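Structural description and commentary
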Number of protein chains: 2
Amino acid sequence: MYFCTMIQDTIVALATPAGAGAIAVIRLSGSDAIAIATAMFNAVSGKKLNHQATHTVHLGHIKEGTRVVDEVLATIFKNPKSYTGEDVVEFSCHGSNYIQQEIIQLCLKKGARMANPGEFTLRAFINGKMDLSQAEAVADLIASDSQASHQLAIQQMRGGFSSEIKKLREELLNFASLIELELDFAEEDVAFANRDEFQKLITRITQVLKRLIDSFATGNVLKNGIPVAIVGEPNVGKSTLLNALLNEERAIVSDIAGTTRDTIEDELNIGGIAFRFIDTAGIRDTSDTIEGLGIKKTFEKMEQAQVVLFLIAATQLLQDKTATQIEIEKIKNKHPQKTLVMVVNKIDQIQTKQISEVKNIHLPQKTVLIPISAKTGEGVETLKTTLLDFVNTGALRNNDTIVTNSRHYDALLKALEEIVRVQEGIDNNLSSDLMAIDIRQALYHFGEITGQVTNDELLGNIFANFCIGK
Amino acid sequence: MYFCTMIQDTIVALATPAGAGAIAVIRLSGSDAIAIATAMFNAVSGKKLNHQATHTVHLGHIKEGTRVVDEVLATIFKNPKSYTGEDVVEFSCHGSNYIQQEIIQLCLKKGARMANPGEFTLRAFINGKMDLSQAEAVADLIASDSQASHQLAIQQMRGGFSSEIKKLREELLNFASLIELELDFAEEDVAFANRDEFQKLITRITQVLKRLIDSFATGNVLKNGIPVAIVGEPNVGKSTLLNALLNEERAIVSDIAGTTRDTIEDELNIGGIAFRFIDTAGIRDTSDTIEGLGIKKTFEKMEQAQVVLFLIAATQLLQDKTATQIEIEKIKNKHPQKTLVMVVNKIDQIQTKQISEVKNIHLPQKTVLIPISAKTGEGVETLKTTLLDFVNTGALRNNDTIVTNSRHYDALLKALEEIVRVQEGIDNNLSSDLMAIDIRQALYHFGEITGQVTNDELLGNIFANFCIGK
């Protein structure tokens, strides 16, 4: 394999985010990592780095000739007790761009080469420190921005998912061997594999695969955020509502300097679950009739959403209840599968006794009405709870395995397809040799998930999405 | 002192640049650092963090209750062998924003508080790990973006400058004590201080102070870059010249991912020295006469420059040599102190024999003419060498102490003022009691540099400019 020949050399990369900061970490990994680091590092203690024990930290200077490049901490990890499973040295230096470059350049001069994206993790995989789905979870973990996506990635990284797959694969592999053994004794018509046990296993595998495949819908939504469309006329209080929802959640973020807020933009984190709010603002500017709601673009955006919030002002609703009812019916008819929430805003502008009148409006089936005041905050908590209730977070809380990766989902679908074929084989008393082919195919797809079966193209695709330095 | 009472508690901050990356480092410092870290960290080895030796690294999980927040490396540094001189724990975690926040929040819950900008370095200063000028050099080092500014910061951080000041201060302090002792025995008219030795010391101090004060002009320029104005009509090839100068130097930067290029913009690094090119493009758009060069704004910009490059096309020069001569004379007359370089561009558009004609133009005194072709690159190296020659880099190469900090410069000026007064005292046989006052004043200003004399306002100003986490 191409990737295996690559791991002869020693790689170097900046492991911390680019830019100036208090400190930066530069990571060397490979058989020459300690030798390269020793050649450029003068410990204050006077002791050579290559004489130091694993998992120890040393203060010293990086020098190029007589010129001091920086005062750094060098941490040494000896093979196999490191992230990559190779010898690793990490330099923790002053975080100037100039120094980062100088140290990396010096490592290159001493014989290292720049690491490719994800190459440290790739080496960890090749050296058996983690399986492929765990390696993929590392990238997910770094990208995680909500409690849910973080928990899913941590769970996967710690092997929850792949250990289940691996166990099933092993059991299936045992049967495959036994069944293939029967082929060698074909003329004697012996059966090494207990057909009852085999049927039990296939049933169990089918159940597990179906459960995992089903979990993908939840997993995908938890990982990427639940798409919510807010529909409503511009002056209906959409921004105020978004701000009201945002306030609390962002407050936690705000006392940590440098947290980029732009990235969450219209993404809200409610109770650890990410909700992606889809902007439909301004679309109804031209609508002077109820028909205006039918504007094509709004419906397109709503198509992407899993939940639709239909926002309307309380006074407007009370003015023309029939019109409002027609409006909401239209939305429901167009999108019968979507969760529809009618949010009646600005209840601070009506009398308390009118609220029951608001609630009294006739709603389509499975539609919820929530009266709120985005301005005063009344009802906003109820709205949040309602949104959270739509998410099937049961699985997450029960620590069930959830599939979040579409590559795994594909492999699971293919594995199920083969298992169904194996089941048909059992049902139809298919000959062992034909059944063995189907079992091998299923095993192949199981192996794809954990990386027991792999190829360069697949690895290339997976690790190309990593950042450099990981 | 206010700052001294602050260091009772344990501080936490992100030490690596904000944003997502392969890894992030979160730093805890203070008397509870190890206890806080122990409470939230489960080592894979099962051993408690507070039972581990200093300068060791441990793999484990950060947990909040039963929930795993991340798999991290925890590095332990025990007081006084740490950056701050206090107990320090560094968590190296997966570099997602979410995880960074979760870990910091957890530290806060366990009793740490968010660190102020530069507070780790402030503590290092208060705990005697470095003096004030060394602490200031840490910030300079992080901001350094050229070899020169980097070398100056490293030199200062390693104490080259302050050890010189401290030595002089100590010697002066000895004499101050002896002279003050004389006051106690005033009636007996004894002289404990050898006046010859004292005169020698004052002479030496005067020389050192003058040298250091003189070095500031160089130091400031090396630290901040040498301002160079390029003057010339828009079509004269200014951008092409900048690109030609840039190409090589930026190439080194370009193979390291994530290095922000925007920050250097019009700053060029030639031979390790930063040159800041001041844009005067477009200013001469309206000039259809030579008088047009007199436009106020161009001259204003030139005022900031130390070097002025007057760029002209070779063909244009040959067309009207007299006009060109008048033009360059005007610039020289307006700015007699500035280094003026006449860069004759586009020599690829004239015949080789015409180059001597170009060179033949009459130039004002101390003005250099360099024929180049920014397009082909001819002469660009000569231009670079010429620019470098203008910089007095001798001091930098000789490892002489160079002052780069305007606070130090001010203190040195004030110290010199007092030393001059002491000298006058010696010359005029001033009484010991009056002389002692001047010496104490000089000592005060020396102490300001190294931080032996300080106050909260000063410390506040210095450390407010640091980043959080340093």
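Please refer to the structure higher up on the page.
What follows deals with the packing of helix 8 (residues 195–224) of chain A against helix 16 (residues 406–427) of chain A. Residue and element names in this part refer to chain A. Where helix 8 contacts helix 16, the axes come no closer than 9 Å and their chain directions differ by 150 degrees. In terms of their interaxial angle, helix 8 and helix 16 are classed as roughly antiparallel. Between helix 8 and helix 16 lies a crossing of left-handed hand. Here Phe198, Gln199, Ile202, Ile205, Thr206, Leu209, Lys210, Leu212, Ile213 and Phe216 of helix 8 come into contact with helix 16, specifically with Ser406, Tyr409, Leu412, Leu413, Ala415, Leu416, Ile419, Val422, Gln423, Ile426 and Asp427.

All names here are of chain B. Burial within strand 13 (residues 367–371) is extensive, with 4 of its 5 residues counted as buried. Where strand 12 (residues 339–345) lies against strand 13, 5 bridges are found, and the strand directions are parallel. When the sheet's bridge partners are listed, Leu340 is paired in strand 13 with Thr367. A crossover connection joins strand 12 to the parallel strand 13 through helix 13 (residues 354–359); in handedness this β-α-β unit is right-handed.

Turning our attention to helix 7 (residues 160–184) of chain A. An α-helical turn contains 3.6 residues, so a residue and the one three or four places further along point in the same direction. With 25 residues, helix 7 of chain A extends 37 Å between its outermost C-alpha atoms, agreeing within 8% with the 36 Å of an ideal straight helix rising 1.5 Å per residue. Three or more residues of helix 7 of chain A are buried, namely Phe161, Ser162, Ile165, Leu168, Arg169, Leu172, Phe175, Ala176, Ile179 and Glu182 of chain A.

What follows concerns the interface of chain B and chain A. On the chain A side, the residues contacting the 55 residues of chain B number 55 residues. Note on chain B versus chain A: buried area summed over both sides is about 4800 Å², and carbon and sulfur give 65% of it. The tally of links between chain B and chain A comes to 0 salt bridges. Inspection of the region where chain B meets chain A yields 10 residue pairs in polar contact (both at pLDDT 80 or more).

All names here are of chain A. An order of 9-10-8-11-12-13 is seen for the 6 strands of this open sheet, with the pairing classed as mixed. Two strands close off the open sheet at either side, each with one partner strand: strand 9 (267–270) and strand 13 (367–371). Neighbour-to-neighbour, the strand axes of this sheet turn through a mean angle of 25 degrees, independent of strand direction.

Now for the state of the cysteines. Going through the model one piece at a time under the given rule, you end up with 0 disulfides over all chains. Here Cys107 of chain A stays free of any disulfide, with the sulfur of Cys93 of chain A as its closest cysteine sulfur at 10.0 Å.

Once that is clear, we can look at the pattern of salt bridges. Applying the stated rule across the entire model yields 39 salt bridges over all chains. Two residues, Arg123 of chain B and Glu86 of chain B, come together in a salt bridge whose shortest N-O distance is 3.0 Å. One end of the pair, Arg123 of chain B, is in helix 4 (residues 119–126); the other, Glu86 of chain B, is in the loop between strand 5 (67–77) and strand 6 (88–94), and 37 residues separate them in sequence. Here Arg123 of chain B falls in the buried class, since its relative accessible area comes to 0%. Arg113 of chain B is paired through a salt bridge with Glu119 of chain B; the nearest N and O atoms lie 2.6 Å apart. Several salt bridges share partner residues, and in doing so they unite Asp9, Glu86, Arg113, Glu119 and Arg123 of chain A into one network.

Now for the relation of the copies chain B and chain A. The two copies are related by a screw operation: chain B maps onto chain A through 180 degrees of rotation and 0.1 Å of translation along the axis, at an RMSD of 0.1 Å. In symmetry terms, the pair is related by a two-fold rotation axis. No C-alpha of chain B approaches the rotation axis more nearly than that of Thr56 of chain B, which lies at 2.3 Å. Take the interface residues of chain B: 100% of them recur as interface residues in chain A, which is what a same-surface contact looks like.

Taken as a whole, this structure holds 6 cavities of 30 Å³ or more when the rule is applied. What the largest cavity holds in volume is close to 170 Å³. Lining the largest cavity are 17 residues, with Thr75 and Glu90 of chain A together with Thr75, Glu90 and Ser92 of chain B positioned closest to its centre. Looking at the lining of the largest cavity, the elements with two or more residues in it are strand 2 (21–29), strand 5 (67–77) and strand 6 (88–95) of chain A together with strand 5 and strand 6 of chain B. Tallied by class, residues from the lining of the largest cavity come to 11 nonpolar, 4 polar and 2 charged.

For the rest of this paragraph, the subject is helix 18 (residues 456–464) of chain B. Residues and elements named next belong to chain B. Taken as a whole, helix 18 has its buried residues at Leu458, Leu459, Ile462 and Phe463. Down the axis of helix 18, the smallest arc covering the buried residues is 115 degrees, so these residues share one side. The exposed set on the far side of helix 18, more than 90 degrees from its buried face, consists of Glu457 and Ala464. Between the side-chain oxygen of the N-cap and the backbone nitrogen of Glu457 there are 3.0 Å, and the N-cap of helix 18 in question is Asn455.

Thresholds applied
Residues numbered from 1 in each chain as written. Chains lettered and ligands numbered in written order. Predicted model: local features only at pLDDT ≥ 70, side-chain atom pairs only at ≥ 80, totals over all residues. Heavy atoms only, no water. Axes fitted to C-alpha atoms, helices over the stretch in contact; angles between N-to-C directions. Helix = DSSP H or I, 4+ residues; strand = E, 2+ residues; numbered from the N terminus. Parallel < 35°, antiparallel > 145°, perpendicular 65-115°, else oblique. Left-handed = near helix turned anticlockwise from the far one by under 90°. Contact = heavy atoms within 4.5 Å. Buried < 20%, exposed > 50% of the residue type's maximum accessible area, 1.4 Å probe, protein only. Pairing = 2+ DSSP bridges. Right-handed = clockwise from strand over helix to strand, strands pointing away. Expected span 1.5 Å × (residues − 1). Buried area = accessible area lost by both parts, 1.4 Å probe. Salt bridge = Lys/Arg side-chain N within 4 Å of Asp/Glu carboxyl O. Polar contact = N/O pair within 3.5 Å; in protein donor to acceptor, adjacent residues only side chain to side chain. Disulfide = S-S within 2.5 Å. Least-squares fit on C-alpha atoms with pLDDT ≥ 70 in both. 1 Å grid on protein atoms, 1.4 Å probe; cavity = no way out; pocket = protein on both sides within 12 Å on 5 of 7 lines; lining within 4 Å. Points joined across faces, edges and corners; volume = space filled by probe spheres on them. Nonpolar A, V, L, I, M, F, W, Y, C, P; charged D, E, K, R; others polar. Arc of directions from axis to C-beta.

So far we have only geometry, and geometry alone does not tell us how the molecule works.
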